[in-house]
Amino acid sequence: MIEKIVFVCTENTIVSPMAEAIFYNLGKETGINAISRGTVVLFSEPVNPKAATIINNHNLSFDHPNSIQLKMRDIENVENQSTTLTLTMTAALKKQVLEMFPEASNVFTIKEYCGEAGDVKDPYGGTLVDFEECYTELVRLVKKAIYKLEEARTHTNINEEGTTS
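These lines cover the structure that appears in this document, whether it is placed above or below. Please read these numbers as outputs of a predicted model, since none were measured by experiment.

A look at the pairing of strand β2 (residues 33-38)
Of all 6 residues making up β2, 5 are buried, and the element is well covered by its neighbours. Relative to β2, strand β1 (residues 4-9) runs parallel, the two sharing 6 bridges. In the strand pairing of β2, Phe7 is matched with Ser36. Handedness of the crossover joining β1 and β2 through helix α1 (residues 15-26) is recorded here as right-handed.

Considerations on the packing of aromatic side chains
Tallying each qualifying case throughout the model produces 2 aromatic pairs. Plain terms: the ring middles of Phe7 and Phe23 are 6.1 Å apart, the flat faces sit at 55° to each other, and that makes the pair tilted. A residue pair is termed long-range when its members are at least 10 positions apart, and Phe7 in strand β1 and Phe23 in helix α1 qualify at 16 residues. In this structure Phe7 comes out as buried when scored by relative accessible area, which is 1%. Looking at Phe23, the relative accessible area reads 1%, which means it is buried. With a centroid separation of 5.7 Å and an interplanar angle of 55°, the aromatic rings of Phe108 and Tyr113 are classed as tilted. Residue classification places Phe108 among the partly exposed positions, given a relative accessible area of 26%. Its relative accessible area of 9% is what places Tyr113 among the buried residues. In this arrangement the basic side chain of Lys148 is found over the ring face of Tyr113, its NZ or CZ atom lying 4.2 Å from the centre.

Observations concerning the environment of Lys94
Tracing the sequence through the fold places Lys94 in helix α4 (residues 91-100). Placed 76 residues apart in sequence, Lys94 and Met18 show a C-alpha to C-alpha distance of 18 Å. Lys94 has contacts with Thr88, Val107, Phe108, Thr109 and Glu112, leaving out every residue within four places of it along the chain.

Let's talk about the side chain of Ser36
Within the secondary structure layout, Ser36 lies in strand β2. One polar contact links Ser36 to Asn12, side chain to side chain, over a distance of 3.0 Å. There is a polar contact of 2.6 Å between the side chain of Ser36 and the side chain of Glu20. Setting aside anything within four residues of it in sequence, one finds Ser36 in contact with Phe7, Asn12, Ser16, Pro17, Glu20 and His64.

Quick notes on the sheet that holds β1
Spatially, β2-β1-β3-β4 is the arrangement adopted by the 4 strands of the open sheet, whose pairing is parallel. Two strands in the sheet have a free side with no partner beyond their single neighbour: β2 and β4 (107-109). Neighbour to neighbour, the strand axes of the sheet diverge by 25° on average, direction disregarded. Against the sheet, α1 makes contact with β1 and β2, and its axis sits at roughly 155° relative to β1, the strand it touches most. Relative to β4, α4 is tilted by about 165°, and along the sheet it contacts β1, β3 (84-88) and β4.

Cut-offs and rules
Residues numbered from 1 in each chain as written. Predicted model: local features only at pLDDT ≥ 70, side-chain atom pairs only at ≥ 80, totals over all residues. Heavy atoms only, no water. Buried < 20%, exposed > 50% of the residue type's maximum accessible area, 1.4 Å probe, protein only. Helix = DSSP H or I, 4+ residues; strand = E, 2+ residues; numbered from the N terminus. Pairing = 2+ DSSP bridges. Right-handed = clockwise from strand over helix to strand, strands pointing away. Phe/Tyr/Trp six-rings, centres within 6.5 Å; stacked < 30°, edge-to-face > 60°. Lys NZ or Arg CZ within 6 Å of the ring centre and 35° of its normal. Contact = heavy atoms within 4.5 Å. Polar contact = N/O pair within 3.5 Å; in protein donor to acceptor, adjacent residues only side chain to side chain. Axes fitted to C-alpha atoms, helices over the stretch in contact; angles between N-to-C directions.

Honestly, that's just the spatial picture; any functional story needs more than this.
Rendered as structure tokens:
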């Protein structure tokens, strides 16, 4: 059963922090911990001001002041690695994560995990409207991921009770 989700983008200043904030607010009832990380964090930077504005405009709770580099300890679980789900924003990032950590499991693009094709468009350099469009897409994807996680949890609970589904 999934206990932690790691949302991954390149610099951990725009898309993955927004996904983390959305999950934290929509998925807190799941009991699953969510964090966000970047694959190329040369030095810690604050969340992009436009991303912070979008997060604040939607009254989301958020405690992610600075970018953090993805490390193996973020995606592994010593007892059972399959309890962590790593969701990247693009196929290129998924490939990069798997190259950085070949032993990693449960690594998907967020769209792939939700049964869709393509990448989440990074609004870097765009307007607040571009950031809002990215936010809207992330809300939809995070909701789909939560539904999928809840469905898996319900299926697991039914099987543990000895009832077939």
